[in-house]
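Each chain is listed here by its residues.
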Amino acid sequence: MAASADVLALAKIEINLNEIPEGKSVSFKWRGKPLFVRHRTKEEIDVAKAVPLNSLRDPEPDEARCQKPEFLVVIGVCTHLGCIPIADAGDYGPGGYYCPCHGSHYDAAGRIRRGPAPTNLEVPEYTFLNDNTIIVG
Amino acid sequence: MKMNLRKTHPLIKIFNNSLIDLPTPSSISSLWNFGSLLGLCLTLQILTGIFLAMHYCPNIELAFNSVAHICRNVNYGWLIRTLHANGASFFFICLYIHIGRGLYYSSYNLKETWMIGVTIFFLVMATAFLGYVLPWGQMSFWGATVITNLVSAIPYLGTSIVQWIWGGFAVDNATLTRFFAFHFLLPFIITAFVIIHLLFLHQTGSNNPLGTMKNIDKIPFHPYFTYKDILGMLIMLFLLTFLTLYSPYFLGDPDNFTPANPLVTPAHIKPEWYFLFAYAILRSIPNKLGGVIALVLSIAILYIMPFTNKKKFNSTQFYPINKLLFWSMFTTILLLTWIGARPVEDPYIFIGQLLTVIYFMYYIINPMIHKMWDNLIF
C-alpha cells in the first residue's frame, strides 16, 4: 500500500522567488499538499526574531527555520490534523497563519503559538539554486 | 411420524429457529424493533451501493463528475444515490437508538452479543467515513484528511502509517481507490459480524424491559414479532422515502457540492451529523494525542459496560437516579452534536470541554449510583 513510483517521481519542485511580492504568502502544490513560501517584511522578521524561545511549545529560533530571513518556506499543512492554515490570519501576526479546522495559531515563522497543533509547520528540505530560485524536495 | 420440514431440514431449521419458533419475551417494546431495522438498513445500503458502484469511477479526476452523472443521467440514479446517502443517516439513527436501549435496559449483560455489537458499531462508522470520501467534494477530501491524520498522533510511527494509508504524501488518487475498495468490502464483513451477533443473541434469547432472564412468558417470534418488525420496517421506509423525495440533501453539507481542492480548507469543516458528538470531543482536548485518545475512548468505552455495571435489577427503570443520569447523558450527546457543528471559538470551546467531562463522568458515576441504590434497597 506504500507510495508508488509515479508518486515518488513527482517529489521535487522549483520555485522562482521573484514572483512573490514582499509581505505575501504564495501557495504551491508539492507532493499533493500546499507549500507556503512567504516573502517576509522587515517587521515580520523582527517580530519573529524577538519571540522568547521559552514561550514556544516547539522552541525553534527564527534563524533555524529560514535559510534567508526574507523567505519562509513551510509545508502548509497544520500539524494537528492536516488542514490548510489561512495566511495572514490568527492572533500572532503580522504574517501569521491560522488553521480554521481546530483553531491553531502560527506566527510569521510558522511556529505554533496556540491551539491543539503539537509542533511548528514543517520546513521541507530545500536548497537555493541561486539568489532567486529554490528547489524543494 | 412425519416431522415438519422447517424443523428438520438442516438449512431451513436455522431460519425457523431464528425467525419462526424463536422463543421471544412477550414484554419487549417497540425499542426492540431497531435490531431488525438495522438489518433492513444494512440490506438497503448494500443493494443501493451495488447499483451505485456500477456507475461510480474511483478516480480523483472522475469521481465528482461520475456522482453528478449518476444523479443526472443514470436511470433512477438520483433516487438510488440519495437513498444511499440518507440511508446512512437512518442507519445511525437506528444504531444510536439500539445502543441507547441496550444501555437503558442493560442488554450489555449479554456480554458476547454486546462486544460484537460495539465492534459492528466501529465497523459501520469506518464504512460510513470511507463512503463519505467517495463523492470527492470538499468535505469528502477534508474529512478524509482530518480523520486519517488522527493516526499521525501515534508516537514515532504515526507519520509513516498515515502515508502508508494514503499511498502517497497526501490524500490523493491512491487513497480514493483504496477507500472505494474498502467501502465495498466492509459491509460484507459487517454482515458476517451481524450473523455472529445474532448467533450469540439466540443462545441467551433477547433481553426485555423487565430484565427477567428466565424462560417465562415467552411467545414464538412468528407471527407476533414478524408482523411487529414488518410494521417498523414500513414506518422507517416511509420516513426514509419521505426525506429522500422531499428534501434529499437536508442532512448533507453544501461544501460537498464543490469538487475537492487540496489547497483550500473550507472555513467550517465538520463531519456528517452522526459523527458530530465524537468530533466535538476530539476538538475539546487542546492536545493532539489526547484528543485522538478521547475520540476513540468515546466509543470504545462501551466495551467496559458489562464489567463495570454489576447490579441487582437489570433495567434502569428500577433505578430512579440512574434514570436521571441516562437522560442527562442523552442530552449531553445532543449538545455535543450541536457543539461539533459550531466554529472553534468561545464560548463553544468551553461548553464542549464541559460536556466532554460530563460524557465520560457518566460511565464512572453510573455504576456507583447503581451500587448505592442496591445497598439502600437490599
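Residues numbered from 1 in each chain as written. Chains lettered and ligands numbered in written order. Predicted model: local features only at pLDDT ≥ 70, side-chain atom pairs only at ≥ 80, totals over all residues. Heavy atoms only, no water.

Put simply, the test is: UniProt positions are given in the numbering used here, feature names are shortened, and annotations may be inferred rather than shown by experiment.
Per an unreviewed UniProt entry, the recorded name for chain B is Cytochrome b, and the organism is Callosobruchus maculatus. A UniProt comment under Sequence similarities (unreviewed entry) is attached to chain B, and it reads "Belongs to the cytochrome b family." Annotation of chain B in UniProt includes, under Subcellular location (unreviewed entry), the sentence "Mitochondrion inner membrane".

Per an unreviewed UniProt entry, chain A goes by the name Cytochrome b-c1 complex subunit Rieske, mitochondrial and belongs to Callosobruchus maculatus. Quoted verbatim from the Catalytic activity (unreviewed entry) heading of the UniProt record, the comment on chain A is "a quinol + 2 Fe(III)-[cytochrome c](out) = a quinone + 2 Fe(II)-[cytochrome c](out) + 2 H(+)(out)".

## Observations concerning the domain arrangement of chain B
Residues and elements named next belong to chain B. Counted only if it meets this: As used throughout, domain bounds are those supplied by an automatic or database domain assignment. Pairs of residues are marked as contacts when any of their non-hydrogen atoms sit within 4.5 Å. The buried area of a pairing is the accessible area, by a 1.4 Å probe, that goes missing from both parts when the two are put together, added over both. What counts as a salt bridge is simple: a side-chain nitrogen of Lys or Arg found within 4 Å of a carboxyl oxygen of Asp or Glu. In this text, helices come from DSSP runs of H or I with a minimum length of four residues, and strands from runs of E with a minimum of two, each type numbered from the N-terminal end.
Each domain of chain B was delimited in the assignment, giving domain 1 (19–205 + 217–269) and domain 2 (273–377). Distance from the C-alpha centre of domain 1 to the C-alpha centre of domain 2: 23 Å. Across the contact, 30 residues belong to domain 1 and 30 residues belong to domain 2. Together, the buried faces of domain 1 and domain 2 total about 2800 Å²; carbon and sulfur atoms form 71% of this surface. Inspection of the region where domain 1 meets domain 2 yields zero salt bridges. The set of elements that each furnish at least two residues to the side of domain 1 that touches domain 2 consists of α5 (77–104) and α6 (111–133).

## Some points on the UniProt feature "domain: Rieske" (unreviewed entry) in chain A
On the UniProt side, "domain: Rieske" (unreviewed entry) is annotated at positions that read residues 48–135 of chain A here. Between the first and last C-alpha atoms of residues 48–135 of chain A the distance is 24 Å; the span itself is 8% helix and 25% strand.

## Digging into the interface of chain B and chain A
For the record, the criterion: Under the scheme applied, nonpolar residues are Ala, Val, Leu, Ile, Met, Phe, Trp, Tyr, Cys and Pro; charged residues are Asp, Glu, Lys and Arg; polar residues are all the others, including Gly.
Each side of the interface is counted separately: chain B has 30 residues, and chain A has 25 residues. Surface buried jointly by chain B and chain A totals about 2200 Å² across both partners, of which 68% is contributed by carbon and sulfur atoms. Of all residues in chain B, Phe169(B), Leu263(B) and Lys288(B) give up the largest surface area on contact with chain A, accounting jointly for 31% of the area buried on that side. Across the contact surface, chain B and chain A share zero salt bridges. Elements with a minimum of two residues in the side of chain B that touches chain A: α7 (138–149), α8 (158–166) and α11 (276–284) of chain B. Per-element tally for the side of chain B that touches chain A: the top contributor is α7(B), with four residues. Of the residues that constitute the side of chain B that touches chain A, the class distribution is 19 nonpolar, seven polar and four charged.

## Describing the UniProt feature "binding site: heme b b562" (unreviewed entry) in chain B
Residues and elements named next belong to chain B. What counts is decided by this rule: Accessibility here uses a 1.4 Å probe with only protein chains present; expressed as a share of the type maximum, an area under 20% marks a residue as buried, one over 50% as exposed, and anything in between as partly exposed.
The UniProt record marks His84 and His183 with the feature "binding site: heme b b562" (unreviewed entry), using the residue numbering of this structure. Taken together, the annotated residues stretch across 100 residues yet fold into one region, lying no more than 12.8 Å apart by C-alpha. Secondary-structure assignment places His84 in helix α5. Take His84: its relative accessible area is 17%, and that puts it in the buried class. Beyond its immediate stretch of four places on either side in the chain, His84 contacts Gln45, Thr48, Gly49, Leu52 and His183. Tracing the chain through its elements places His183 in helix α9 (residues 173–204). When near neighbours in sequence (up to four residues on either side) are disregarded, His183 contacts His84, Thr127, Leu130, Gly131 and Leu134.

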